[in-house]
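Fold and geometry: a report
Listed below are the residues making up each chain.
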Amino acid sequence: MQHFVIVGILVIVMAVLTYVGLDSAGLMPVQASAQAVSIDWLWNWQVVAMSFLFALIFVPLVYSLVVFRRRKGETGDGEHIEGNTNLEITWTVLPLFLVLAFAYMGAYSLGEINRVDPDAIEIKVRGQQFSWTFEYPEYGIVSTELHLPVDQQVVLLMESSDVIHSFWVPEFRVKQDVVPGRVTRYRITPTLIGDYKVRCAELCGMSHYKMENPVIVDAQVDYDAWIAEQTAIAAAAQTPEAIGQLLTVKNGCIGCHSIDGSKLVGPSWLGTYGSVREFADGTSAVADDAYITQSIREPLAHEVAGFSPSSMPPYTALTDEEIANIIAYLKTLK
Ligand code: CUA
């Protein structure tokens, strides 16, 4: 009996110490959304359960090893114990209730996360190898930055151009796959003004790790200012060059092609138009309209030395006019 009391006290002490240690380790990034509250609540109770179960296994194990060790001169066998019905009922029923409790808490938390605000702002998200594009249909804005107003629910309508990606902002906690041929929804109410990052959380190819775009939670006045600025830029885009530039944002081209000469997944566009392209097989060609059109529609046609053409999906949906606009834009990058 005395052993049970000592072990019982040690289990409680160990559980508390484990919980305090895990809690102060700062495992979670800052909490920046209304949805994060119920997730963190659930997570906290899971850490409590984990700490207790860890102590429940660790303490009796170490206690037995130390207190009931074979001492000098002891040669007999240990006591033979066969079955204990009460113990078996206890360790079946208690975990059953624990699992049921967590099932209820999980369902409650899921319900909180999916709580719909009918006034939620709709933003379209496109995932493509290897960047994200955000479209504000209400304003005709396309951007590579996701700006969100604080304390206002948004619903992201997400599509993929190629393979499965996953939209994840750790500070918001919620994560959602982006699947080709489907529109998936991601509902979030940012509660903390700040700069975050969306990361792709699904291995989607060689440059999966580069699929990061800025997510900026603005005060309402800053959000309105950004919308006004972007609307003006979109409205001013009347020339082929300006339309072409917007198309390279909208189609995610600039996720892989820099305009300043730096090497990303694909060749930089700086000075590309009219230059001689060296191919991996030793041949070369001049980057004229025909070459660029073919490279957009059939990236596998040529392998530029130092790059893998299979990193780029074929952009067959672009019209001749759109490609002409993009080429007009490329010509300006000297
Ligand atoms: Cu997209 Cu990983």
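Residues numbered from 1 in each chain as written. Predicted model: local features only at pLDDT ≥ 70, side-chain atom pairs only at ≥ 80, totals over all residues. Heavy atoms only, no water.

1. Thoughts on unusual backbone geometry
Here the residue pair Gln 129 and Phe 130 is connected by a cis peptide bond, since its omega of 5 degrees sits within 30 degrees of zero. Along the chain, the position of Phe 130 falls in the loop between strand 1 (121–128) and strand 2 (131–136). A positive phi is found at Asp 151, a non-glycine position, where the angle reads about 60 degrees. Assignment of secondary structure puts Asp 151 in the loop between strand 4 (146–149) and strand 5 (154–160). (Helix = DSSP H or I, 4+ residues; strand = E, 2+ residues; numbered from the N terminus.)

2. Quick look at empty space enclosed by the protein
Rolling a probe over the atoms, with the probe sized like a water molecule, indicates the empty space that remains. For the coordinates displayed, the defined rule picks out 1 cavity of 30 Å³ or more. When its volume is computed, the largest cavity comes out at roughly 580 Å³. For the largest cavity, the lining is made up of 32 residues, of which His 257, Pro 267, Trp 269, Ser 295 and Met 312 are closest to its centre. When contributions to the lining of the largest cavity are tallied by element, the ones reaching two or more residues are helix 6 (289–297) and helix 7 (320–331). Examining the composition of the lining of the largest cavity, we find that 4 residues originate from one element, helix 6, more than from any other. Residue classes in the lining of the largest cavity are distributed as 19 nonpolar, 10 polar and 3 charged. (1 Å grid on protein atoms, 1.4 Å probe; cavity = no way out; pocket = protein on both sides within 12 Å on 5 of 7 lines; lining within 4 Å. Points joined across faces, edges and corners; volume = space filled by probe spheres on them. Nonpolar A, V, L, I, M, F, W, Y, C, P; charged D, E, K, R; others polar.)

3. What about the pattern of salt bridges?
The tally for this structure, following the rule as stated, stands at 5 salt bridges. Between Asp 320 and Arg 297 there is a salt bridge; the shortest N-O distance is 2.8 Å. With Asp 320 in helix 7 and Arg 297 in helix 6, this residue pair connects regions lying 23 residues apart in the sequence. Given the relative accessible area of 25%, Arg 297 is considered partly exposed. (Salt bridge = Lys/Arg side-chain N within 4 Å of Asp/Glu carboxyl O. Buried < 20%, exposed > 50% of the residue type's maximum accessible area, 1.4 Å probe, protein only.)

4. With respect to the packing of helix 6 against helix 7
Working note: a packed helix pair is described by the angle between its axes plus the distance between those axes. Two numbers describe how helix 6 lies on helix 7: the axes approach to 10 Å, and their chain directions differ by 120 degrees. Crossing angle aside, the handedness with which helix 6 passes helix 7 is right-handed. Between helix 6 and helix 7, the residues in contact are Asp 289, Ile 292, Thr 293, Ile 296 and Arg 297 and Asp 320, Ile 323, Ile 326, Ile 327, Leu 330 and Lys 331, respectively. Within the contact of helix 6 with helix 7, the residues separate by chemical class into 6 nonpolar, 1 polar and 4 charged. (Axes fitted to C-alpha atoms, helices over the stretch in contact; angles between N-to-C directions. Left-handed = near helix turned anticlockwise from the far one by under 90°. Contact = heavy atoms within 4.5 Å.)

5. Looking at the state of the cysteines
Should the sulfur atoms of two cysteines be covalently bonded, the bond is a disulfide. As enumerated under the stated definition, the model contains 0 disulfides in all. Free of any disulfide, Cys 256 has its nearest cysteine sulfur in Cys 253, 8.8 Å distant. (Disulfide = S-S within 2.5 Å.)

6. Some points on the layout of surface pockets
Taken as a whole, the largest pocket encloses approximately 1,200 Å³ of empty space. In terms of lining residues, the largest pocket is bounded by 32 residues, among which Phe 4, Val 7, Leu 56, Pro 60 and Leu 87 are the most central. Elements with a contribution of two residues or more to the lining of the largest pocket: helix 1 (2–24), helix 2 (34–67) and helix 3 (85–113). With 9 residues, the top contributor of residues to the lining of the largest pocket is helix 2. A class-by-class count of the residues in the lining of the largest pocket yields 19 nonpolar, 8 polar and 5 charged.

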